[in-house]
Amino acid sequence: MRLGSIGLAMGAACLQTRAALPSAFALALALCLLLAWLLAWRRLAGRMPAVMRGVVALLSGAVLGFIWAAWLAHRALAPQLAPADEGRDLRIVGTIDNLPYRFSQGVRFNFAVEASSAALPPRISLSWYAGYRDQPADVPEVRPGERWQLTVRLQRPHGNANPYGFDYEAWLLEQGLRATGYVRMARDNRRIDGFVFSANNAVEHCRAVLRDRILAALPGQPYAGVIVALVVGDQRGIDQADWQVFNRTGIGHLISISGLHITMVAGLFAWMAYTLWRWSFYTRAQLPLLLPAQKVAALVGAGVALLYVLLAGFGVPAQRTLYMLMVVAAALWLNRLTSITHVLCTALGVVVVLDPWAVLWPGFWLSFGAVAIILYATVGRTARSRAASLSPGVAQHVPAPLTRRERLTHALRVGVHTQYVVTFGLVPITMLLFGQVSVVSPLANAVAIPLISLVVTPLALVGSMLPRLLAAPLLATAHGLVEALALCLQWFSAMRYAVWSAPMPPFWLFCWAMVGTVWLLAPRGWPVRWLGLATWIPLLAAEPSHPAPGRMTVTAFDVGQGMALLIETSGHRLLYDTGPAYTPESNAGNRIILPYLRARGIGALDGMVVSHSDADHSGGALSLLEGAGVGWVLSSLPPRHPIARAARQHAQCAAGQAWTWDGVRFEILHPLPASYANAALKPNTRGCTLKVTAGGKSMLLAGDIEAEQEAQLLERDAAGLRADVLLAPHHGSGTSSTPAFLLAVRPQAAIFQVGHRNRYRHPKAEVYERYGAAGIARYRTDQAGALTLEFDETIRISSYRGTHARYWQARY
């Protein structure tokens, strides 16, 4: 049973690495063969050794998990938006079927389609913006369960595809959302019904009511979003800066409805039910004679856990706890003994059966991994007791109960040991998933766990359900405690070595480190347990990869409609442009580039070029300057620009500037120094144009220059423009990439950094065809994802969607 559940998870995980799904016929054939094998194995199982039975159970579970996950994937991918319906106005009727998220630019929600003017998937994701460009408009209040008629524009699922980045397309598939779009400003947008009953709508409506009560009691408070997360599991209201502190201190798992919180609340209600049921024995009811108090407590605890998990939004840690509690309750009701490892593996199997895409997310592995490592390091160990002073003739092996002080001391020791086990046991998997581990996590968790779990969460839960007059002081107290905790965590986070970073390890190195971790946490008496730490040395001391001297690697990120390229030599790194800003808090810097740098173990950049001030090129600069050390910034920005002022060292780019790093030549070709005296020039015309040459191969990065600047470059030095790779000027707009310019550059390949279905329609069809007619290989980041270019004697170009193709990704 246990190995079968583990195999089920392995099979589901294997499917999620496939570029294409097996056909329905292949799945049916595999299922028939598996059933035939299981029938044959059932007859032979009694004659097989235990090891062989375990291997068969593991492999059978893996095959079944693969087949099951593939079948669900076929069903999930079936609803599709027709290509002809992308980008055109559609009238739809349906209900708001999740907890809407209101942000500064509007509101975002999921919509269950009931009727439409075209064939649409049953669930879609919509954004309703507060106007477009210079046409502001009010966004009405939308609540779960309401039925609306809306005019929308949709597109098929698409997300940025970058190494170590968030897979938005996989997340949409898991959520059952097969189209995304926005609400158009139309007169016939209207609310039809105030509430349409369904089980899902009722749950989401309750979540909305609780969230509204909390926000009303804590207007404008900085950590109101944390209180909301603890009560209803909605983490979207927590600022990015706060998340950075929580993650650096290793307490991010507490800022949600975690397994610990669910267990605590379910245990409290179970204890109350158990106590009241037992007390009824001394009344006329005598309920324990009808049903044992233990079974009543198990039923109440499981029921409360289910309600709490529904409020939590059904996250993986919450699911894991719920299913474990359900298994324990079922075993108690059926009078069956069960081990905790059976309980954990059963929960694992249930999660994978209901949601095979859960294996894609770190929370799945951290949740089950943490419980597994705690069980390994604690279950079966000798419990502490003391011998009783008994009368002669009475067996002396009967232990005496511990005193209250001894019980408290023992509980404290268990808590410290558990924190030690979790901290050390999760180091390898944390490095595998994030490339960093919090050094201050044990201290931060020692403060945060009892405060959040035993004080803040109960106050928040009770306060959210009481009348407003009684709720306000409870919620204010909970918020005050969170605010005090945040100050403490900020102090921990500000420590220089609060986080240890290294490149994400290959899987074999992770396995090696896990072997050492198991050795380290072995029972007392195991020989030289401390030697397990030696397996961590290559894990924690690894250095970022880099090209050989005289060579370079360029990564063109898929940032949407914007530019961002990382240029690496053997000892230096330069970022050319920083991508766009998406929202006031979110940009390519903190969403794409910083996660990539951290996963690679890159803690600092030697230099950064911001070609000009347009938001699609400079949007991530401030986040990068704050989140990563940047030696200097070269830009066309005025000295008083916020980016220039935030830089450690800033200079304006000008033609003639040049430097050499590790045998790689960098040259600024544009603008001329005199251009800064002309305040009437547009930012595009003054964009920093950079040429990089390594081993006789070169790349030209032209920013957003237009035809006039291309002509100036041709006039000054047409021969100096020759390059093997060209970053298409201005994303392939109709005002750039003139035939004369392309003839002078004569690139083998051109890169178009553009957003999917961008409103500028970049690259322009005629310009894109111009590149093709010239025999230039064309690469688009909206279709290929991030691009990696390796320059040595030859140039090798690979795309992220090509090397990491998955069955759910859009095909171009």
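See the structure printed just above.
About the criteria used
- Residues numbered from 1 in each chain as written.
- Predicted model: local features only at pLDDT ≥ 70, side-chain atom pairs only at ≥ 80, totals over all residues.
- Heavy atoms only, no water.
- Helix = DSSP H or I, 4+ residues; strand = E, 2+ residues; numbered from the N terminus.
- Rg over C-alpha atoms; globule rule 2.2 N^0.38 Å.
- Contact = heavy atoms within 4.5 Å.
- Polar contact = N/O pair within 3.5 Å; in protein donor to acceptor, adjacent residues only side chain to side chain.
- Buried < 20%, exposed > 50% of the residue type's maximum accessible area, 1.4 Å probe, protein only.
- Pairing = 2+ DSSP bridges.
- Axes fitted to C-alpha atoms, helices over the stretch in contact; angles between N-to-C directions.
- Salt bridge = Lys/Arg side-chain N within 4 Å of Asp/Glu carboxyl O.
- Phe/Tyr/Trp six-rings, centres within 6.5 Å; stacked < 30°, edge-to-face > 60°.
- Core = buried A, V, L, I, M, F, W, Y, C linked by side-chain atoms within 4.5 Å.
- Disulfide = S-S within 2.5 Å.
- Expected span 1.5 Å × (residues − 1).

Caption draft 1: Geometry of the overall build of the chain. Each helix and strand counted, the chain has 27 helices and 26 strands in total. For the chain, the C-alpha radius of gyration of 30 Å lies close to 28 Å, the compact-globule estimate for 812 residues. The dimensions of the chain, computed from C-alpha atoms along their principal axes, are 110 × 70 × 60 Å. The long-range share in the chain, meaning contacts at least 24 apart out of those at least 6 apart in sequence, stands at 69%.

Caption draft 2: Up close: the side chain of T430. Within the secondary structure layout, T430 lies in helix 14 (residues 427-434). Only 2.6 Å separates the side chain of T430 from the backbone oxygen of L426, close enough to count as a polar contact. Every residue in contact with T430, bar those within four places of it in the chain, is listed here: L366, G435, Q436 and V437.

Caption draft 3: Region of interest: the side chain of R600. Tracing the backbone shows R600 in the loop between helix 19 (588-599) and strand 15 (604-610). Classification of R600 by relative accessible area gives buried; the value is 9%. Contacts of R600, omitting those with residues within four sequence positions, involve Y164, P503, P544, S545, E568 and R573.

Caption draft 4: Just the sheet that holds strand 17 (residues 650-652), in detail. An order of 17-16-15-14-13-12-25-26 is seen for the 8 strands of this open sheet, with the pairing classed as mixed. Strand pairing shows two members of the sheet lacking a second neighbour, strand 17 and strand 26 (795-799), which therefore form its edges. Strand-to-strand, the axes of this sheet are offset by a mean angle of 20 degrees, without reference to chain direction. Against the sheet, helix 19 makes contact with strand 12 (552-556), strand 13 (565-568), strand 14 (573-576) and strand 15, and its axis sits at roughly 25 degrees relative to strand 13, the strand it touches most.

Caption draft 5: The pattern of salt bridges, seen in detail. Applying the stated criterion across every chain yields a total of 23 salt bridges. In this structure, the salt-bridge partner of R796 is E790, at a minimum N-O distance of 3.7 Å. When its relative accessible area of 39% is taken as the criterion, R796 is described as partly exposed. Members of the salt-bridge network, linked through shared partners, are R551, E790, D792, E793 and R796.

Caption draft 6: Examining the environment of L459 more closely. Inspection of the secondary structure assignment puts L459 in helix 15 (residues 441-465). Setting aside residues up to four positions removed in sequence, L459 forms contacts with L474, L475, T477, A478 and L481.

Caption draft 7: Fine view of the environment of I262. In this structure, I262 sits in helix 8 (residues 259-279). Its relative accessible area of 0% is what places I262 among the buried residues. Separated by 56 residues in sequence, I262 and A318 place their C-alpha atoms 7.1 Å apart. With residues near it in sequence (within four places) discarded, I262 still touches I257, A305, Y308, V309, A318, T321 and L325.

Caption draft 8: Here's a closer look at the packing of aromatic side chains. Counted by the stated rule, this structure contains 25 aromatic pairs. A centroid spacing of 5.4 Å and a plane angle of 40 degrees characterise the contact between W68 and W71, whose relative ring orientation is tilted. Residue W68 and its partner W71 are both found in helix 3 (residues 50-77); the two are separated by 3 residues, about one turn of the helix. Taken together, a centroid distance of 6.3 Å and an interplanar angle of 85 degrees make the contact between F103 and Y129 edge-to-face.

Caption draft 9: Focus on the sheet that holds strand 21 (residues 697-701). The 7 strands are arranged 18-19-20-21-22-23-24 in an open sheet whose pairing can be described as mixed. What marks the edges here is a single partner per strand, and that holds for strand 18 (658-661) and strand 24 (777-780). Here the average twist between neighbouring strands, direction ignored, is 20 degrees. Bridging between strand 19 (residues 664-670) and strand 20 (residues 689-694) involves 5 bridges; their strand directions are antiparallel. What sits directly across from H670, in strand 20, is T689.

Caption draft 10: Spotlight on the nonpolar core. Within the largest apolar cluster, 85 residues are counted, with the highest numbers of intra-cluster contacts made by I227, F364 and Y807. Setting aside anything within four residues of it in sequence, one finds I227 in contact with I214, L218, V456, A460, L475, A478, H479 and V482. Counting residues in each nonpolar core, the second largest holds 29 residues, with V609, C653, W659 and V692 among its members.

Caption draft 11: Structural detail: unusual backbone geometry. A cis amide bond links H670 to the next residue, P671, at an omega of 10 degrees. Relative to the helices and strands, P671 resides in the loop between strand 19 and strand 20. Here the residue pair H762 and P763 is connected by a cis peptide bond, since its omega of -5 degrees sits within 30 degrees of zero. Turning to its location among the elements, P763 is positioned in the loop between strand 23 (749-752) and helix 25 (765-773). Not every positive phi belongs to a glycine, and D662 is a case in point at roughly 50 degrees. Position of D662 among the secondary structure elements: in the loop between strand 18 and strand 19.

Caption draft 12: Just the state of the cysteines, in detail. In the structure shown here, the tally under the stated rule is 1 disulfide. There is no disulfide at C14, and the cysteine sulfur nearest it, in C511, is 15 Å away.

Caption draft 13: Layout of helix 10 (residues 316-333). Over its 18 residues, helix 10 extends 25 Å from the first C-alpha to the last, a length consistent with the 26 Å expected when each residue adds 1.5 Å. Among the structural elements, helix 8, helix 9 (293-311), helix 11 (340-354) and helix 12 (362-378) are those in contact with the buried residues of helix 10. N335 sits one or two positions beyond helix 10 and adopts a positive phi of about 55 degrees.

Caption draft 14: Focus on helix 5 (residues 199-217). In a regular helix each residue adds 1.5 Å, so 19 residues correspond to 27 Å; helix 5 covers 28 Å between its end C-alpha atoms and thus fits that length. Here helix 5 has its buried residues at N201, E204, R207, A208, L210, R211, I214 and A217. Among the structural elements, strand 1 (90-96), strand 2 (101-103), helix 6 (224-232), helix 9, helix 15 and helix 16 (468-493) are those in contact with the buried residues of helix 5.

Caption draft 15: Structural detail: the environment of R88. Mapped onto the fold, R88 is located in the loop between helix 3 and strand 1. For R88 and A460, which are 372 residues apart along the polypeptide, the C-alpha to C-alpha distance reads 45 Å. Ignoring sequence-local partners within four residues, the contact set of R88 consists of A118, V152 and R153.

Caption draft 16: Up close: the pairing of strand 25 (residues 787-791). Residues L787, L789 and F791 of strand 25 are buried on one face, while the alternating residues T788 and E790, pointing to the opposite face, are not. Pairing geometry for strand 12 and strand 25, over 5 bridges, is antiparallel. The residue of strand 25 that forms the bridge with T555 is T788. Of the strand pairs in this sheet, strand 25 and strand 26 are connected by 5 bridges, and their pairing is antiparallel. By the bridge assignment, L787 is partnered in strand 26 with S799. Taken together, strand 25 and the strand that follows it, strand 26, pair antiparallel across an intervening segment of 3 residues.

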